[in-house]
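# Geometric and topological summary
This is what each chain is made of:
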Amino acid sequence: MKKLNIYFTAGVPQLEDTADIIQLIQDSGADMIEIGMPYSDPVADGPVIQKAHEQALQNGMTIEKLFSQLKTIKDTIRIPVILMGYINPVLSFGFERFCQECSESGVSGLILPDLPPIEFEKNYQQILQKYHLNFTFLVTPETSDERIVYLDSLSSGFLYAVSSSSTTGNDNAVLKNENYLNRLATLPLKNPVMIGFGIKSKNDFENVTEKADGGIIGTAFVNILLQDKDWRKSAIDFIHSIKA
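To keep things clear, this report deals only with the structure shown in the data block. None of these values were measured; they are calculated from a predicted model.

## Things to note about the environment of Asn223
By secondary structure assignment, the location of Asn223 is in helix α10 (residues 219–227). Separated by 162 residues in the primary sequence, Asn223 and Met61 place their C-alpha atoms 18 Å from one another. For Asn223, the contacting residues outside a window of four places in its chain are Val48 and Asp228.

This is the structure we're talking about:
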């Protein structure tokens, strides 16, 4: 069974919905949860997730607030919870303090796309290991085989394979890049490979995960939270439709 990782931005639609959404994602059958930490300049994200970041910040979401919300439900969450964001807010919070809070809040891993691997090795890897936190790097169709193997060696938990060279939720994304997916499948990687960016339906999910271990859905799910008044029912139906 291919693993489904659902991404959403903390603090939308309302500030206090985060814990409910985490519970809903788990109860609907997803295998992992990826929570976006709102940031004023989310460069890797497309318009939908950028809008979610803006709304969450307007709602008053902060890293402190997110940790306090996570602590309220950590005893009921059994699937991995990963925090995704950008390095600046984490450094402002204090990297080691951030990792300690993660370990006290039930978080199992981090994705910080703008943290360079050299920096990671030099300054941060040992801190993450101290708090038993996984760290995931991203690769793209342009990443060389040699670099994919290197980034995989630094990653733990899983390797995030971006389906195409675009921002999240891009309708023009080439979802099934056969050559790239074949390369990933034949490289000697130690981590499971999760494909993300552009997956909107069960058909997309099945297509891209044929040779990978799972898929990550973000924009399509965040859209439900932003646009649907009855988002709870729609979110459950959406996850069920992928996992059915």
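Past the structure itself, the notes keep going.
## Side note on the side chain of Asn191
Here Asn191 shows up in the loop between α8 (178–186) and β8 (193–196). Looking at Asn191, the relative accessible area reads 10%, which means it is buried. At 3.1 Å, the side chain of Asn191 and the backbone oxygen of Ser155 are in polar contact. Engagement of the side chain of Asn191 in a polar contact is seen with the backbone nitrogen of Gly157, the distance being 3.5 Å. Asn191 has contacts with Asp152, Ser155, Ser156, Gly157, Phe158 and Leu159, leaving out every residue within four places of it along the chain.

## Quick look at the pattern of salt bridges
Within this structure, the stated rule accounts for eleven salt bridges. Across the salt bridge formed by Arg97 and Glu64, the nearest N and O atoms sit 3.9 Å from each other. Within this pair, whereas Arg97 is found in helix α5 (residues 95–104), its partner Glu64 is found in helix α3 (residues 63–73), the two being separated by 33 residues in sequence. Of the charged contacts, one joins Lys233 and Asp237 as a salt bridge, the two residues approaching to 2.6 Å between their closest N and O atoms. With Lys233 and Asp237 both in helix α11 (residues 231–243), this residue pair falls four residues apart, about one helical turn. A relative accessible area of 39% means that Asp237 is categorised as partly exposed.

## Digging into the side chain of Thr136
If you trace the backbone, Thr136 turns up in the loop between β5 (134–135) and β6 (138–139). One polar contact links the side chain of Thr136 to the main-chain carbonyl oxygen of Phe158, over a distance of 3.1 Å. If we ignore the near neighbours within four places in the chain, the residues touching Thr136 are Leu110, Ile111, Ser155, Ser156, Phe158, Leu159 and Tyr160.

## Some thoughts on the sheet that holds strand β4 (residues 109–111)
The nine strands are arranged β5-β4-β3-β2-β1-β9-β8-β7-β6 in an open sheet whose pairing can be described as parallel. A strand with exactly one partner marks an edge of an open sheet, and here the two such strands are β5 and β6. Two elements, strand β1 (residues 3–9) and strand β9 (residues 214–217), share four bridges in a ladder whose sense is parallel. Counterpart to Lys3 in the pairing with β9 is Gly214.

## What about the state of the cysteines?
Enumeration over the complete set of coordinates arrives at zero disulfides. For Cys99, which is in no disulfide, the shortest distance to another cysteine sulfur is to Cys102 and amounts to 5.9 Å. Since its relative accessible area comes to 0%, Cys102 is described here as buried.

## Description of the environment of Lys74
Structurally, Lys74 can be placed in the loop between α3 and β3 (81–84). Through-space distance from the C-alpha of Lys74 to that of Ser105 is 6.1 Å; in sequence the pair is 31 residues apart. For Lys74, the residues in contact, after removing those within four places along its chain, are Glu104, Ser105 and Gly106. Of note is the side chain of Lys74, whose polar atom sits 3.4 Å from the backbone oxygen of Glu104.

Cut-offs applied
Residues numbered from 1 in each chain as written. Predicted model: local features only at pLDDT ≥ 70, side-chain atom pairs only at ≥ 80, totals over all residues. Heavy atoms only, no water. Helix = DSSP H or I, 4+ residues; strand = E, 2+ residues; numbered from the N terminus. Contact = heavy atoms within 4.5 Å. Buried < 20%, exposed > 50% of the residue type's maximum accessible area, 1.4 Å probe, protein only. Polar contact = N/O pair within 3.5 Å; in protein donor to acceptor, adjacent residues only side chain to side chain. Salt bridge = Lys/Arg side-chain N within 4 Å of Asp/Glu carboxyl O. Pairing = 2+ DSSP bridges. Disulfide = S-S within 2.5 Å.

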